[in-house]
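# Examination of the molecular architecture
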Amino acid sequence: MYIYDLVALTLIGISHVLLYIHLIRYNRLSYKMVFALSIIFFILLGIVVTVTGYPEFNTILLLLFLLTLGLMKEELSFMQNVYFALVSMVLITLIRLVLVELGMNLFMLSPFNLYLWTGSVIHLIVSTILFVSILLWRAPIQKFAQFIVESPLYYISYVFLILGLIIALILTMPSSVLLSNLNQQYGQLSYISAYIIFFILLLIVLIGSHLAKERILEEQQKRLDKELLDYVGKLELMHDELASFRHDYINVLLTLNEGVRTKNIEQIARVYEDVIAPTSKLMDNHELGIVKLSRISVPEVKSMLHVKVTIAEQQQVKVMVDIPDVIEEIAMPMISFIRIISILIDNAMEEAVLSKEKVMQLAFFEMENLQYFVVRNSCQQTEIDLQKLYEKKYTRKENNEGYGLFSLKRMIDKTKNATLETTFIAPYFTQTLILKKE
């Protein structure tokens, strides 16, 4: 066996584990850990196969190894665990079989001659392509896996994956009597069946990917509709509070009228000091914030910020808004920007409410070709682990509802001209969204 084959087998082994980890959407293992586990397992697997002389152990033990890894994903059912293990094993095996065969045919048509190394080099090239593809297509793989278990394609593909596993066992040049006889009698038929199953599974993957994209678009539209309904509901709440405010002030005026009519200076002074003066100060601060929000020329952003500021003030949070200059446009897609700053403000508001200071500061300004959106809030915590802050399910909320910052990080990573800076100097937590104007 040449060095090319050793490297190729190592890459294929890592590809099996890496694809499986992406399929079950288990993000707690680092790439270093995945590579280390894969290499250790395949060294042990090589020893077992060499000692026993049964090549079919490659497939059987790999299946058991993947199923063991699946136990780390608690919400994964046994049938789903088996399904994703089969997807990793069968797809990679069949793709490698097809690509190696295609590579050999192309080589026969070429003027090159690598002598005895030909098969090994082609094997290495195919293994490298598979490994790099899995690394690059992590997100589509996870979206497809999330969709496929809930679709009608799930059970259809399950049957073909089981058939693919049986064919893979037959084509491993097995040493057991039953599989060896099947290999001798149906070897050629098994190759043909492997190609047929490969193209059927490929068709299922393509159809599933297309349907997954459609479902994602539908979910996004539903989320936007929900956000619109929430916005309308908050406007209705503001209208009700305005009506309540009007009613209360009519009563205040009636009280003042009685004091004026009876010339009761003490009553007039008491109403002014207890009701009018504090409310006037609150209205001045609120109106100042509203005036600054008017410097945003983008209606969607201005309306959303107005609602957020009002909600924060209703929860007794002192809100300070700083928008020194007119903002005429947003340097990223509008939907993404609104979702990002909504998450930032909602989290800041939740923390500020629980803190002693109850302060939230918003700033939106431009410098040269950059836009800065800053959210600063007081916190009750004295320490925050910034490294874990954006991990999935990292939260201090009840029911582990910690997806906001995780989703935010994914949106920013997908936007080329956006970065997020996070700092914490007790008791204030600051997040700065920086957009480069293109």
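Summarised in this report is the structure supplied together with it. Since the structure is predicted, the reported quantities are computational estimates derived from the model, not experimental observations.

The next point concerns the overall build of the protein. Regarding its fold elements, the protein presents twelve helices and five strands. By sequence separation, contacts in the protein at least 24 residues apart represent 70% of the contacts at least 6 residues apart. Carbon and sulfur atoms provide 63% of the accessible area of the protein, an area that totals close to 25,900 Å².

Here the focus is the nonpolar core. Tyr20, Leu66, Tyr83, Phe84 and Leu201 are the most contacted members of the largest nonpolar core, which has 56 residues in total. Elements supplying a minimum of two residues to this core: helix 1 (3-23), helix 2 (31-52), helix 3 (57-70), helix 4 (78-109), helix 5 (118-136), helix 6 (138-148), helix 7 (153-170) and helix 8 (177-261). Of all the elements, helix 4 adds the most residues to this core, at 13 residues. Apart from residues no more than four positions distant in its own chain, Tyr83 is found in contact with Ile148, Tyr154, Ser157, Tyr158 and Leu161.

Before going further, it helps to examine the side chain of Thr415. Of note, Thr415 is situated in the loop between helix 12 (404-413) and strand 4 (418-425). Here Thr415 falls in the buried class, since its relative accessible area comes to 14%. A distance of 3.0 Å separates a polar side-chain atom of Thr415 from the backbone oxygen of Met411.

Moving on, we get to the packing of aromatic side chains. Per the stated rule, a full pass over the model turns up 15 aromatic pairs. Ring centres of Tyr31 and Phe35 lie 6.2 Å apart, and the angle between their planes is 15°; on these two criteria the pair is classed as stacked. Of this pair, Tyr31 and Phe35 both sit in helix 2, four residues apart, which is roughly one turn of that helix. Judged by relative accessible area, Tyr31 falls into the partly exposed class, the value being 34%. Consider the rings of Phe35 and Phe131, whose centres lie 5.9 Å apart with planes at 50°: the pair is tilted. Linking Phe35 in helix 2 with Phe131 in helix 5, this pair joins segments that are 96 residues apart in sequence. A residue is classified by how much of its surface remains accessible, and Phe35, at 25% relative accessible area, is partly exposed. Among the residues examined, Phe131 registers a relative accessible area of 13% and is labelled buried. A cation sits over an aromatic face here: Arg376 above Tyr428, 4.0 Å from the ring centre.

So, on to the sheet that holds strand 5 (residues 428-436). Sheets are built from strands paired through backbone hydrogen bonds, the pairs being either parallel or antiparallel. Taken in spatial order, the five strands make up an open sheet running 1-2-3-5-4, and their pairing is mixed. With partners counted over all chains shown, the strands left at the sheet margins are strand 1 (318-322) and strand 4, one partner each. Strand-to-strand, the axes of this sheet are offset by a mean angle of 10°, without reference to chain direction. Examined bridge by bridge, strand 4 and strand 5 share eight bridges and lie antiparallel to one another. Residue pairing across strands places Thr422 opposite Gln431, the latter belonging to strand 5. Against the sheet, helix 10 (residues 299-314) touches strand 1, strand 2 (359-367) and strand 3 (370-378), its axis set at about 150° to strand 1. Across the sheet, helix 11 (residues 334-354) touches strand 2, strand 3 and strand 5, and the angle it forms with strand 3 is around 20°.

A large share of strand 5 lies buried, amounting to seven of its nine residues. Relative to strand 5, strand 3 runs antiparallel, the two sharing nine bridges. Considered in strand 5, the bridge of Val375 is made with Gln431. The antiparallel hairpin formed by strand 4 and strand 5 contains two residues in its connecting segment.

What follows concerns a nonpolar patch on the surface. Residues Ile39, Ile40, Ile43, Leu44, Ile47 and Val51 make up a contiguous nonpolar surface patch of about 590 Å² in total accessible area. Looking at the secondary structure, you find Ile43 in helix 2.

This part takes up helix 2. Taking 1.5 Å per residue as the helical rise, helix 2 with its 22 residues ought to reach 32 Å, and the 31 Å between its terminal C-alpha atoms agrees with that figure. Summarising the contacts, the buried residues of helix 2 are in contact with helix 1 and helix 3. Downstream of helix 2 by one or two residues, Gly53 has phi in the positive range, about 80°.

As a further point, take the packing of helix 1 against helix 3. Close contact between helix 1 and helix 3 brings their axes to 11 Å; oriented N to C, the two are set at 35°. For the pair helix 1 and helix 3, the crossing hand works out as right-handed. Counted together, His16, Val17 and Tyr20 of helix 1 and Leu62, Phe65, Leu66, Leu67, Leu69 and Gly70 of helix 3 form the full contact between these two elements. Taken together, the residues of the contact of helix 1 with helix 3 sort by class into seven nonpolar, two polar and no charged.

Cut-offs applied
Residues numbered from 1 in each chain as written. Predicted model: local features only at pLDDT ≥ 70, side-chain atom pairs only at ≥ 80, totals over all residues. Heavy atoms only, no water. Helix = DSSP H or I, 4+ residues; strand = E, 2+ residues; numbered from the N terminus. Contact = heavy atoms within 4.5 Å. Areas by Shrake-Rupley, 256 points an atom, 1.4 Å probe, with all protein chains shown as cover. Core = buried A, V, L, I, M, F, W, Y, C linked by side-chain atoms within 4.5 Å. Buried < 20%, exposed > 50% of the residue type's maximum accessible area, 1.4 Å probe, protein only. Polar contact = N/O pair within 3.5 Å; in protein donor to acceptor, adjacent residues only side chain to side chain. Phe/Tyr/Trp six-rings, centres within 6.5 Å; stacked < 30°, edge-to-face > 60°. Lys NZ or Arg CZ within 6 Å of the ring centre and 35° of its normal. Pairing = 2+ DSSP bridges. Axes fitted to C-alpha atoms, helices over the stretch in contact; angles between N-to-C directions. Patch = residues over 30% accessible without salt bridge, like charges linked within 9 Å, V, L, I, M, F, W, Y side chains within 5 Å. Salt bridge = Lys/Arg side-chain N within 4 Å of Asp/Glu carboxyl O. Expected span 1.5 Å × (residues − 1). Left-handed = near helix turned anticlockwise from the far one by under 90°. Nonpolar A, V, L, I, M, F, W, Y, C, P; charged D, E, K, R; others polar.

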